[in-house]
Amino acid sequence: TMAGVYVPEINGLGRYPRITRSTNGGATWTKNPIDMPSSSSDQLRVLLTPGFLNFAHPGGRWPGPAPEVVLHRSTDLGDSWKDSTVLSTIDGEGSDMPELQGWEDGAGNTRIAILWRDTKYGASDFTASIIARLSHNNGTSWEPEQVLTDTPLAVRQKLALYDNIAAAAWKYGGFFPP
């Protein structure tokens, strides 16, 4: 099974993002007509794990308490969304730009890692702190937030996850190249 995000244009207007999916290795794709629970089309992240299509985004539309990072889960490839978990601390500070990765080990455990940019420790020129959270049970529960950066001057974070190893990278300095 494969899944992706698309933003349809209807009557010349961009619509809310939707899921496109394949259950035959990408030979054919079906576009879901149901809007996803987010309007932030450039910050949507999807991840397939056993039994779930996971979808992370900065809040802003049901039921996210914008601007926090929210994870939704679907058991039917996006026809409906059953769980909604706010992963960033609800503090009124900006949390955005999530990165989502997962890994299933040989013992049947599914680990999920998520990073995001968070302004609660300061921000400057589109930069902020990079925060991580990990789940060792397919998103059922999550470890507390971990601040990865020494100063709130990071942006463009990336994440990789393999077995018990999580690796993160980011750029220090302004959002735009010098």
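In case you missed it, the structure is sitting above this.
Residues numbered from 1 in each chain as written. Predicted model: local features only at pLDDT ≥ 70, side-chain atom pairs only at ≥ 80, totals over all residues. Heavy atoms only, no water.

Chemist: Could you give an account of the sheet that holds strand β1 (residues 2-6), with specific residues and numbers?
Modeler: Pairing in this open sheet of 3 strands is antiparallel, and the strands run β1-β4-β5 from one edge to the other. In this open sheet, the two edge strands, each paired with only one partner strand, are β1 and β5 (30-35). The average angle at which neighbouring strand axes cross in this sheet is 30 degrees, direction not considered. Sheet analysis places strand β4 (residues 18-22) next to β5, joined by 3 bridges and oriented antiparallel. The partner of R21 across the bridge, within β5, is T30. (Pairing = 2+ DSSP bridges. Helix = DSSP H or I, 4+ residues; strand = E, 2+ residues; numbered from the N terminus. Axes fitted to C-alpha atoms, helices over the stretch in contact; angles between N-to-C directions.)

Chemist: Could you give an account of the pattern of salt bridges, naming the residues involved and the relevant values?
Modeler: Side chains that differ in sign of charge can pair as their charged atoms come close. For the structure on display, the rule yields 8 salt bridges. The residue E99 makes a salt bridge to R45 at a minimum N-O spacing of 3.4 Å. Note that E99 is positioned in strand β10 (residues 95-104) and R45 in strand β6 (residues 45-49), a separation of 54 residues in sequence. According to the relative accessible area criterion, E99 is buried, its value standing at 13%. On the basis of relative accessible area, R45 is assigned to the partly exposed category, the value being 24%. The partner of D96 in a salt bridge is R117, with the nearest N and O atoms 2.7 Å apart. With D96 in strand β10 and R117 in strand β11 (residues 110-118), this pair connects stretches of sequence that are 21 residues apart. (Salt bridge = Lys/Arg side-chain N within 4 Å of Asp/Glu carboxyl O. Buried < 20%, exposed > 50% of the residue type's maximum accessible area, 1.4 Å probe, protein only.)

Chemist: Talk me through the sheet that holds strand β8 (residues 69-74); I want residue IDs and the actual numbers.
Modeler: Taken in spatial order, the 4 strands line up as β6-β7-β8-β9 in an open sheet, and their pairing is antiparallel. On the outer flanks of this sheet lie β6 and β9 (83-86), each paired with one strand and no other. Sheet twist, expressed as the average angle between the axes of neighbouring strands with direction ignored, equals 20 degrees. Relative to β9, β8 is paired through 4 bridges, and the arrangement is antiparallel.

Chemist: Give a description of the side chain of D105 that names residues and reports values.
Modeler: Counting through the fold element by element, D105 comes out in the loop between β10 and β11. The buried category is assigned to D105, whose relative accessible area is 13%. From its side chain, D105 meets the backbone nitrogen of A107 in a polar contact 2.9 Å long. A distance of 2.9 Å separates polar atoms of two side chains, one belonging to D105 and the other to R111. (Polar contact = N/O pair within 3.5 Å; in protein donor to acceptor, adjacent residues only side chain to side chain.)

Chemist: Tell me about the environment of L71, and please be specific about residues and values.
Modeler: Tracing the backbone shows L71 in strand β8. Separated by 14 residues in sequence, L71 and T85 place their C-alpha atoms 5.2 Å apart. Those residues within four positions of L71 in sequence are excluded, and the remaining contacts are N54, F55, A56, D83, S84, T85, L87, L100 and W142. (Contact = heavy atoms within 4.5 Å.)

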